[in-house]
Structures are given as structure tokens and as C-alpha cells.
Amino acid sequence: MGVQISPSILSADFTDLAGEVARIAPAADWVHVDVMDNHFVPNLTIGLPVVERLAEVSDLPLDVHLMIADVDRWAPDYADAGAGSVTFHVEASTAPVRLARTLREHGVRAGMALRPATAIEPYADLLAELDMLLLMTVEPGFGGQAFLDLVLPKIRAARELVKGRDLDLWIQVDGGVAAETVERCAEAGADVFVAGSAVYGADDPAAAVQGLRQQAMAATASSWWGRP
Ligand code: DX5
Ligand code: ZN
């Protein structure tokens, strides 16, 4: 699939989400929607009614990132709300394999997210159940935080697993992804890049998306895993 950019509307104007999505639509692959419940993370954002309406007005598919407790109960509803991809946190799920299978049955791509301190190795055997692995590069909850370099070895380990098993699994990074950090992520093995403040904090969000894409593509082309 190659490099994909998924701007996060967490840093957009919440009073004009349709307009904010339209600003990135010409350049982006997805729109990343951060759902927070003030339980799994200490912040509260939007829920099902807003996601349902966004799915209706967005020209881009929704990449929904659920930072909520009791996610086994709620994630399928986000699939039914019209998302293209639904990502749950493994730390919030009691049955991640069942949940991933349920999401696929509901017609969406199944994503699983790991907080920075959650290791990939215990989940190596269930990667084939997933369409995307999200490796958080900040503690989830807020936009605009500093990128955590300590996650880079995990990105590399995940890419080694994907390569070694010839899996069709996207590796997404989220948190502090910007011009200064996107190349490190791509070199390590990421191929889907979420960026909030780096996109919506720019004067021209679509140009910011294109800039990140070019940097990521160049870094991938010369990386240990992306070289032809
Ligand atoms: C944080 C969210 C991110 C956030 C990223 O918990 O999951 O998607 O919007 O924002 P930046 O790119 O500003 O770090
Ligand atoms: Zn996110």
C-alpha cells in the first residue's frame, strides 16, 4: 500500500468538522478521529453521534481511534457508524481476538493499538487477525505532546514480524509525528502516519500533509525494510 497519511481532527476546529475535513481531503488518505471517554484516558472528546455524521459528510474514510474503556462493547457500533477502520486499545479489551474478528465481520479494517509501555511480543501470534497495528508514540489522551523516541525499537520489531511472516498489516504511528520525527518513524518501519498539530497547526494543512508524505516516502525508500 505504501505511505499513508491520516491527519487527526483532534487539533482541528470542533465547531466546523466538515470544513476541517474538506481542507485535508485533497491530500490525505484517511481522517483520524480520536474518541476519548475520560476513563481510559484523562480527556473527553466525541462519540458515536458525531462519528456517524462525520462519516456522512467526509470525502475521506474515517480512521477511528478508540481511547475508551469497555471497548469490546462499543467498538462494533463505531464500525456500524460508517468508519472505514476501527482501532481499539489492547489494554482496554478483554478479548482482542474476538473483537478483531467482530470488527472485520462488521465490514471495517480491524486495528489494535498499544500504549508506549505495552510490548508487542505478547501479541505476535494474533497479528494475522489485524489489518493495522497502532504503536502510540505518546501516551494517548492529548494532541501536541512530544514524540517518544523510546517507541522506535518497537516499530522496528513490529516491522520485522510483519516482514518475517509476510503479513498484510499496516503499522501506524500516532503522537508527535511531524517534520522532525516522521522520517525516524518511516525508517523504523511505520507506513501509516497520524499527525494532528503538525497538520492543523499549519497555515496550509493540505500542504503539510504532502510535506509529511514526501519525507516519509523518501525515508522509506532508503530504509532497511523499504529498499527494493
Ligand atoms: C492522542 C491522539 C492523537 C493526537 C495526535 O492521544 O491519539 O491522534 O491527535 O496529535 P499530535 O499529532 O499533535 O501529537
Ligand atoms: Zn489518535
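Above: the structure in question.
Since this is a predicted model, take the numbers as computed values, not measurements.

Undergrad: How would you explain helix 1 (residues 17-24) if you had to name every residue and give the values?
TA: Along helix 1, the residues classified as buried are Leu-17, Glu-20, Val-21 and Ile-24. End-on, the buried residues of helix 1 take up no more than an arc of 100 degrees, which puts them together on one face. On its buried side, helix 1 packs onto strand 1 (4-7), strand 2 (31-36), helix 2 (48-57), helix 7 (197-200) and helix 8 (205-221).

Undergrad: Please set out the coordination of the zinc ion (ligand 2) residue by residue, giving values where relevant.
TA: Distances from the zinc ion (ligand 2) to its protein donors, His-32 (NE2), Asp-34 (OD), His-65 (ND1) and Asp-174 (OD), fall within 2.0 to 2.3 Å. The coordination sphere of the zinc ion (ligand 2) comprises six donor atoms, whose angles at the metal cover 71 to 172 degrees; the geometry is octahedral. Taken in chain order, the donor set of the zinc ion (ligand 2) reads H-x1-D-x30-H-x108-D. Here the residue His-65 occupies a position in strand 3 (residues 62-67), and Asp-174 occupies one in strand 7 (residues 170-174), the gap between them amounting to 109 residues. In this structure, His-65 and Asp-174 share a single accessibility class: buried.

Undergrad: Tell me about the site of ligand 1, and please be specific about residues and values.
TA: Near ligand 1 you find 20 residues, and of these Gly-141, Asp-174, Gly-176, Gly-196 and Ser-197 are the closest. Contact between ligand 1 and Gly-196: an oxygen atom at 2.8 Å from a main-chain N or O atom of the residue. In this structure, an oxygen atom belonging to ligand 1 sits 2.5 Å away from a side-chain N or O atom of Ser-197. Burial of ligand 1 by the protein amounts to 100% of the accessible area it has alone, namely 380 Å². Counting residues per element, the ones that place at least two in the shell around ligand 1 are strand 2, strand 3 and strand 8 (192-195). Ranked by residue count, the leading element in the shell around ligand 1 is strand 2, at three residues. Residue composition of the shell around ligand 1, grouped by class: eight nonpolar, 10 polar and two charged.

Undergrad: Report on the sheet that holds strand 3, specifying residues and quantitative values.
TA: Pairing in this open sheet of eight strands is parallel, and the strands run 1-8-7-6-5-4-3-2 from one edge to the other. The open sheet has two edge strands, strand 1 and strand 2, and neither has a second partner. Across the sheet, the mean angle separating the axes of adjacent strands is 25 degrees when strand polarity is ignored. Where strand 6 (residues 132-136) lies against strand 7, five bridges are found, and the strand directions are parallel. Its bridge partner lying in strand 7, Met-132 is registered against Trp-170. Along the sheet face, helix 4 (residues 96-105) touches strand 4 (85-89) and strand 5 (109-114) and points at about 170 degrees away from the line of strand 4.

Undergrad: Any chance you could break down the packing of aromatic side chains for me, citing the residues and the numbers?
TA: The relative placement of two aromatic rings is captured by the distance of their centres and the angle of their planes. For the structure shown, the criterion picks out one aromatic pair. When the ring of Trp-30 is compared with that of Trp-170, the centres are 6.0 Å apart and the planes differ by 75 degrees; the resulting orientation is edge-to-face. Remark: Trp-170 occurs in strand 7 and Trp-30 occurs in the loop between helix 1 and strand 2; sequence separation between them is 140 residues. Over the face of the ring belonging to Trp-74 we find Arg-73, whose NZ or CZ atom lies 4.0 Å from the ring centre. Looking at Arg-156, its charged tip hangs above the ring of Trp-224, at a distance of 4.4 Å from the centre.

Here is what the cut-offs are and how they apply
Residues numbered from 1 in each chain as written. Chains lettered and ligands numbered in written order. Predicted model: local features only at pLDDT ≥ 70, side-chain atom pairs only at ≥ 80, totals over all residues. Heavy atoms only, no water. Buried < 20%, exposed > 50% of the residue type's maximum accessible area, 1.4 Å probe, protein only. Helix = DSSP H or I, 4+ residues; strand = E, 2+ residues; numbered from the N terminus. Arc of directions from axis to C-beta. Contact = heavy atoms within 4.5 Å. Donors = N, O, S within 2.8 Å, 3.2 Å for Na, K, Ca; no water. Tetrahedral: all angles 85-135°; square planar, octahedral: opposite > 155°, others 65-115°. Near = heavy atom within 4 Å. Polar contact = N/O pair within 3.5 Å; in protein donor to acceptor, adjacent residues only side chain to side chain. Areas by Shrake-Rupley, 256 points an atom, 1.4 Å probe, with all protein chains shown as cover. Nonpolar A, V, L, I, M, F, W, Y, C, P; charged D, E, K, R; others polar. Pairing = 2+ DSSP bridges. Axes fitted to C-alpha atoms, helices over the stretch in contact; angles between N-to-C directions. Phe/Tyr/Trp six-rings, centres within 6.5 Å; stacked < 30°, edge-to-face > 60°. Lys NZ or Arg CZ within 6 Å of the ring centre and 35° of its normal.

So, to be careful, I would describe these as geometric facts and stop short of saying anything about function.
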